Amino acid sequence: MTENLEHIAFIMDGNRRWARARGLPIIAGHEKGAETLTDVVKAAKDLGIKYVTVYAFSTENWKREKAEVDGLMNLLRKYLDKSFKELEENNARIVFIGERNMLASDIVEKMQQIEERTAQNSDITLCVALSYGGRQEIISASEKIAELVQNGELNIKDIDEKKFSDMLYTKGMPDPDLLIRTSGEKRISNFLLWQLSYSEFYFSDTLWPDFSKQELVDIIDNYKKRERRYGKS
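Below you will find a few notes about this structure. This structure is a prediction, so every number in the text was calculated from the model and none was measured. (Residues numbered from 1 in each chain as written. Predicted model: local features only at pLDDT ≥ 70, side-chain atom pairs only at ≥ 80, totals over all residues. Heavy atoms only, no water.)

## A closer look at the overall build of the protein
Each helix and strand in the protein was counted, giving seven helices and six strands. Its helices and strands in sequence order give the protein the pattern β-α-α-β-α-β-α-β-α-α-β-β-α, from N to C terminus. Radius of gyration (C-alpha) of the protein: 18 Å, near the 17 Å computed for a compact globule of 233 residues. Across the 233 residues that make up the protein, the buried fraction comes to 47%. A sequence separation of at least 24 residues applies to 76% of the contacts in the protein between residues at least 6 apart. In the structure as shown, the protein presents an accessible area of about 12200 Å², 46% of it carried by carbon and sulfur atoms. Within the protein, one finds 35 positive and 39 negative side-chain charges whose respective centroids are separated by 2 Å. (Helix = DSSP H or I, 4+ residues; strand = E, 2+ residues; numbered from the N terminus. Rg over C-alpha atoms; globule rule 2.2 N^0.38 Å. Buried < 20%, exposed > 50% of the residue type's maximum accessible area, 1.4 Å probe, protein only. Contact = heavy atoms within 4.5 Å. Areas by Shrake-Rupley, 256 points an atom, 1.4 Å probe, with all protein chains shown as cover. Lys, Arg positive; Asp, Glu negative; His and termini not counted. Charge placed at Lys NZ, Arg CZ, Asp CG, Glu CD.)

Given below as structure tokens:
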């Protein structure tokens, strides 16, 4: 394992700008971005990273033009059928987090099949945030806590950070050590609001489809030079 670096989260930004800069349809940028995702996960595995979480599609993305959303959903279907098999063969465990009720039933079925098939894979875990929003995740966790208290299964005074974390979609996973956002944007866009509390951030100007293993190595080298204090002086 890369020393003190177990989990990297990615906001994969820049697919549309990459396509526009080349005079290509928007979906071409998303297709190239999907290829980059496979390459980056394999690179992370080679570097000893145990968890990679990626922001694939947010709850806010449903507000985009219908043609783009439909294209993304069809691309997702292809990715679930083909690209994930390559990661499965690389002993990657694949899990999905987000609001599945907003997705088509055939996509949800494919997601469940992949999770079941890869459940015992252990070299790296790829966590795909799909139809995901950080605020909604916190609301959902709060509702679960409230229900346990209401049913007498949990004393309100026993609620702590560990109990709350166990109600999140990412239960059982360590919080990200490092968040990388591509394309030059410097915000977290409703991604892992609870889990990123003490993560290190790195903002790259590279558009996601052009992100490479070498840049990942360079960012990890930068991370190693930082001192993580977790609020301590």
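## Details of the layout of surface pockets
Approximately 810 Å³ is the volume found for the largest pocket. Of all the secondary-structure elements, those providing two or more residues to the lining of the largest pocket are α1 (15–21), α2 (26–46), β2 (51–58), α3 (66–89) and β4 (124–132). With six residues, the single largest contributor to the lining of the largest pocket is α3. Of the residues contributing to the lining of the largest pocket, the split by class is 17 nonpolar, seven polar and nine charged. (1 Å grid on protein atoms, 1.4 Å probe; cavity = no way out; pocket = protein on both sides within 12 Å on 5 of 7 lines; lining within 4 Å. Points joined across faces, edges and corners; volume = space filled by probe spheres on them. Nonpolar A, V, L, I, M, F, W, Y, C, P; charged D, E, K, R; others polar.)

## What to know about the side chain of S58
By secondary structure assignment, the location of S58 is in strand β2. Residue classification places S58 among the buried positions, given a relative accessible area of 7%. Apart from residues no more than four positions distant in its own chain, S58 is found in contact with S131 and Y132.

## So, the pairing of strand β3 (residues 92–97)
With five of its six residues buried, β3 lies for the most part within the structure. Note that β3 and β4 share six bridges and pair parallel. The residue bridging R93 from the neighbouring strand is T125, located in β4. (Pairing = 2+ DSSP bridges.)

## Brief notes about helix α4 (residues 105–118)
With 14 residues, α4 ought to run about 20 Å at 1.5 Å a step, and its terminal C-alpha atoms sit 20 Å apart, in line with that. Residues of α4 that are buried include every one of I107, V108, M111, I114 and T118, and no others. Take α4 and look down its axis: the buried residues cluster within an arc of 125 degrees, on one side only. Away from its buried face by more than 90 degrees, α4 exposes S105 and E116. Against α3, β3 and β4 lie the buried residues of α4. (Expected span 1.5 Å × (residues − 1). Arc of directions from axis to C-beta.)

## Focus: the nonpolar core
Counting 42 residues, the largest nonpolar core has I8, F10, V52, F84, F96, L126 and L216 as its most contacted members. Setting aside residues no more than four positions away along its own chain, L126 makes contact with V41, V52, V54, F84, L87, R93, I94 and V95. (Core = buried A, V, L, I, M, F, W, Y, C linked by side-chain atoms within 4.5 Å.)

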